[in-house]
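Remarks on the overall topology
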Amino acid sequence: MADRTAAQQERLDALLQEKRTFQPSEEFRRQANVSDPSIYDRARRDLEGFWAEEAKRLDWFEPYRRVLEWQAPWAKWFVGGKINAAYNCVDRHAASHRRNKAALIWEGEPGDSRVLTFGMLQREVNRFANVLKSLGVKKGDRVAIYMGMTPELVVAMLACAKIGAPHSIVFGGFSAEALAERINDAAAKVLVTGDGAWRRGNIVPLKKNADAALESTPSIEKVVVLERIGKAANIAMWPGRDLWWHELMDQASDHCAAEPMDSEDMLYILYTSGTTGKPKGVVHTTAGYLLGTAATHFYVFDVKEHDVYWCTADIGWVTGHSYIVYGPLANGTTSLIYEGSPDYPDRGRFWDICDKYGVNILYTAPTAIRTFMRWGTEWPAKHDLSALRVLGTVGEPINPEAWMWYHEHIGRGRCPIVDTWWQTETGMILITPLPGITATKPGSATRPFPGVEAEVLDENGRPVGPGAGGYLCLTKPWPAMFRTIYRDPDRYVRQYWSRYEGKYFTGDGAKVDEDGYFWLLGRVDDVMNVSGHRISTYEVESALVDHPAVAEAAVIGRAHDIKGQAIAAFVTLKDGTAATDALKDELKQHVARKIGALARPDDIFFTAELPKTRSAKIMRRLLRDIAERRVLGDTTTLADPMVVAKLKRQYEETGQAE
Ligand code: WTA
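About the criteria used
- Residues numbered from 1 in each chain as written.
- Predicted model: local features only at pLDDT ≥ 70, side-chain atom pairs only at ≥ 80, totals over all residues.
- Heavy atoms only, no water.
- Near = heavy atom within 4 Å.
- Polar contact = N/O pair within 3.5 Å; in protein donor to acceptor, adjacent residues only side chain to side chain.
- Areas by Shrake-Rupley, 256 points an atom, 1.4 Å probe, with all protein chains shown as cover.
- Nonpolar A, V, L, I, M, F, W, Y, C, P; charged D, E, K, R; others polar.
- Helix = DSSP H or I, 4+ residues; strand = E, 2+ residues; numbered from the N terminus.
- Contact = heavy atoms within 4.5 Å.
- Pairing = 2+ DSSP bridges.
- Axes fitted to C-alpha atoms, helices over the stretch in contact; angles between N-to-C directions.
- 1 Å grid on protein atoms, 1.4 Å probe; cavity = no way out; pocket = protein on both sides within 12 Å on 5 of 7 lines; lining within 4 Å.
- Points joined across faces, edges and corners; volume = space filled by probe spheres on them.
- Core = buried A, V, L, I, M, F, W, Y, C linked by side-chain atoms within 4.5 Å.
- Buried < 20%, exposed > 50% of the residue type's maximum accessible area, 1.4 Å probe, protein only.

Quick look at the site of the ligand now. Neighbouring residues of the ligand: 17 residues in total, closest Asp419, Thr420, Thr424, Arg523 and Arg534. Between the ligand and glycine 395, the relevant distance is 3.0 Å, taken from a nitrogen atom to a main-chain nitrogen or oxygen of the residue. Threonine 424 places a side-chain nitrogen or oxygen 2.5 Å from an oxygen atom of the ligand. Protein chains shield 97% of the accessible area of the ligand, which is 530 Å² for the free molecule. Partitioning the shell around the ligand into residue classes produces six nonpolar, six polar and five charged.

Written as structure tokens, this is what we have:
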């Protein structure tokens with residue numbers, strides 16, 4: 001694995017030492033949704049039969065003719081079927097014994113809360129579907145959504161699904177420019193936003209950002225604005241363009257028939273960072289996606305009818321799409337949504353929420369767990385967490401220490417932990433324990449989900465042996481797989497399916513141990529994973545060179561105890577520009593303004609030159625060695641090895657933070 005970083009090698013070495021295993025308890029196994037390991041063989045022997053059986057958990061308007069048509073890399077699942085995602089997530093439950101069951105439990109950051117039953121959610125979704133229709137949105141039109149974590153965000157997405165208008169949700173932490181870029185790529189017709197959102201007691205200025213974005217988004221005809229903050233948001237409404245959510249909803253009818261969608265019709269677009277500067281519009285379709293998320297949600301989290309399930313992700317990311325909204329609601333599960341920050345008003349907020357609502361299943365990110373570890377055990381210790389039954393993690397590799405802390409201090413030794421590996425592109429969890437079957441090992445995502453086939457390959461496409469590192473690939477199609485990159489099918493083929501013929505290249509490094517367990521090592525491409533958020537090095541570099549003082553920039557993710565990776569930028573300035581601390585701050589600000597606070601570099605280091613190969617390619621690998629303070633790797637391909645030696649000396653002398 002030539003481009004494995006030294007940090008990955010360190011993780012690999014450390015993981016090879018990890019020998020602890022945790023068996024599911026007899027008590028857990030007895031009540032589990034699946035406790036018979038033959039599910040793996042059954043799915044392997046008959047992939048289509050396995051998914052056909054699962055497809056019975058959905059309601060179809062018209063049956064499908066074929067489970068799968070697969071001509072790598074093009075997949076069609078449940079060919080000929082007619083189905084609607086919102087109908088499956090809401091209407092069928094509202095028409096059942098679940099009518100008055102909580103669909104959403106929402107906790108606002110300031111302490112307000114709301115519960116929407118399936119019946120109530122149906123009414124809201126229908127109304128908003130009618131609002132969208134009244135604004136001219138038709139089947140196939142894209143709707144952009146830029147909102148905080150409120151029930152209305154879920155209502156907006158399901159209303160889109162109900163009328164067959166693909167949504168494109170942009171995380172509320174993205175900047176105006178990032179929003180505009182995504183709106184324009186999707187050519188969205190309507191934008192749904194809010195006057196603001198609460199975050200750590202502050203107002204996230206959603207509408208102000210949207211206003212700035214809307215200066216360069218010709219496709220947007222109307223903007224719907226949810227009032228969450230009120231006067232303090234201090235926003236302006238553009239007559240003719242901007243409309244209040246509540247005013248439109250007051251006029252709208254409660255009834256709206258679900259649009260029968262083809263299985264392969266687009267459900268949504270979600271932009272994610274790739275290895276170039278331009279974000280990719282990952283396209284998910286209807287039936288396979290809904291089924292994949294519902295089935296994995298049922299098996300992986302062992303969810304039961306009366307459970308309160310809480311996934312702490314933001315709906316702006318794929319984890320929120322699949323495991324706050326589509327998977328849980330398709331299963332008729334009560335899904336909890338929290339608007340704000342884990343340390344508001346104090347560091348016990350998550351545990352207070354678990355206690356208050358009796359949360360049974362908690363799904364969060366390793367970066368959050370490491371933060372809680374640092375805050376200390378006294379916070380969870382103050383609360384009753386006895387309702388918890390299953391704990392999940394997602395978003396980045398979890399270190400065994402964080403896994404053990406989660407197990408002891410949150411699960412109190414009783415709860416299986418499911419470390420779930422997947423991606424925006426995969427749509428659903430692909431490598432994971434099944435909590436009633438799998439013995440877990442701290443730091444390992446364990447085994448591919450039934451029907452999923454994964455391999456770890458070397459440079460030449462040969463499987464590597466146990467214990468060695470390689471590239472993680474998937475060799476069989478799965479129902480929730482993305483179907484293409486929006487308006488860029490070449491990129492779909494080139495980036496994911498060309499490295500190894502007919503196999504999906506994940507971009508992650510991994511190893512498999514003697515027991516067939518997978519251990520994820522992190523990205524092998526130029527994608528960083530900062531607090532579980534995907535950011536490309538190129539995006540940050542483009543933002544930096546956009547500043548008038550910057551000549552050239554090289555950005556890397558360096559290992560960070562809490563965030564997993566922190567962003568470090570090596571910057572050369574234009575002649576005559578003074579390298580001051582004030583300029584560092586300004587550059588950090590500049591990146592935050594261009595992309596969003598999530599991309600703000602942790603360190604900026606000014607240098608006269610960057611280490612380059614003889615063909616003028618910047619060697620980021622060596623910059624990572626410098627930022628992580630280790631011995632420099634191979635420098636023989638450098639044009640001038642002195643540059644990097646000097647840079648390393650300077651970096652160490654000026655002593656970067658941490
Ligand atoms: C990383 C998030 C190790 C991985 C669902 C992947 C993980 C990227 C895990 C996708 C895990 C996600 N263990 N690494 N359990 N889960 N990753 O698209 O590098 O935001 O490629 O999807 O996160 O990030 P994305």
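Our focus in this paragraph is the environment of leucine 362. Mapped onto the elements of the fold, leucine 362 is located in strand S18 (residues 361-364). For the pair leucine 362 and leucine 132, spaced 230 residues apart in sequence, the C-alpha to C-alpha distance is 34 Å. Discounting chain neighbours no more than four positions away, the residues touching leucine 362 are Trp310, Thr312, Trp351, Cys354, Leu388, Val390, Leu391, Gly392, Tyr406 and Ile410.

Read from one edge of the open sheet, seven strands run S5-S4-S17-S16-S18-S19-S20, paired in mixed fashion. Whereas interior strands pair on both sides, the edge strands pair on one side only; in this sheet they are strand S5 (113-117) and strand S20 (417-420). Direction aside, the axes of adjacent strands within the sheet are offset by 20° on average. Both strand S19 (residues 390-394) and S20 contribute to a ladder of four bridges, which runs parallel. Pairing of glycine 392 across the sheet is with valine 418, part of S20. Packed on one face of the sheet, helix H6 (residues 118-134) meets strand S4 (102-107) and S5 and runs near 90° to S5.

Our focus in this paragraph is the layout of surface pockets. The rolling of a water-molecule-sized probe over the atoms marks out the regions of remaining empty space. Of the volumes computed, that of the second largest pocket is approximately 360 Å³. What lines the second largest pocket is a set of 21 residues, and nearest its centre among them are Ser25, Phe28, Arg414, Cys415 and Pro416. Sorting the residues of the lining of the second largest pocket by element identifies helix H2 (26-31) and helix H16 (400-410) as the ones contributing at least two each. Residue composition of the lining of the second largest pocket, by class: 10 nonpolar, eight polar and three charged.

Bringing the nonpolar core into the picture now. One broad rule of soluble globular proteins: the nonpolar side chains tend to lie buried together. Grouped together as the largest cluster of nonpolar side chains are 117 residues, with contacts concentrated most on Trp51, Phe128, Leu158 and Tyr326. When residues in this core are grouped by element, the largest group, 10 residues, is from helix H7 (residues 151-163). Apart from the residues within four sequence positions on either side, leucine 158 is in contact with Ala86, Cys89, Val90, Leu121, Val125, Val325, Tyr326 and Leu329. In terms of nonpolar packing, the next biggest core, distinct from the first, is built from 44 residues, Tyr146, Trp317, Leu544 and Ile595 among them.

This part takes up the side chain of lysine 189. Within the secondary structure layout, lysine 189 lies in the loop between helix H8 (176-186) and strand S8 (190-194). Polar contacts involving the side chain of lysine 189 include one to the side chain of aspartate 141, which spans 3.1 Å. Apart from residues lying up to four places away in sequence, lysine 189 is in contact with Gly136, Asp141, Arg142, Ser219, Ile220, Glu221 and Lys222.

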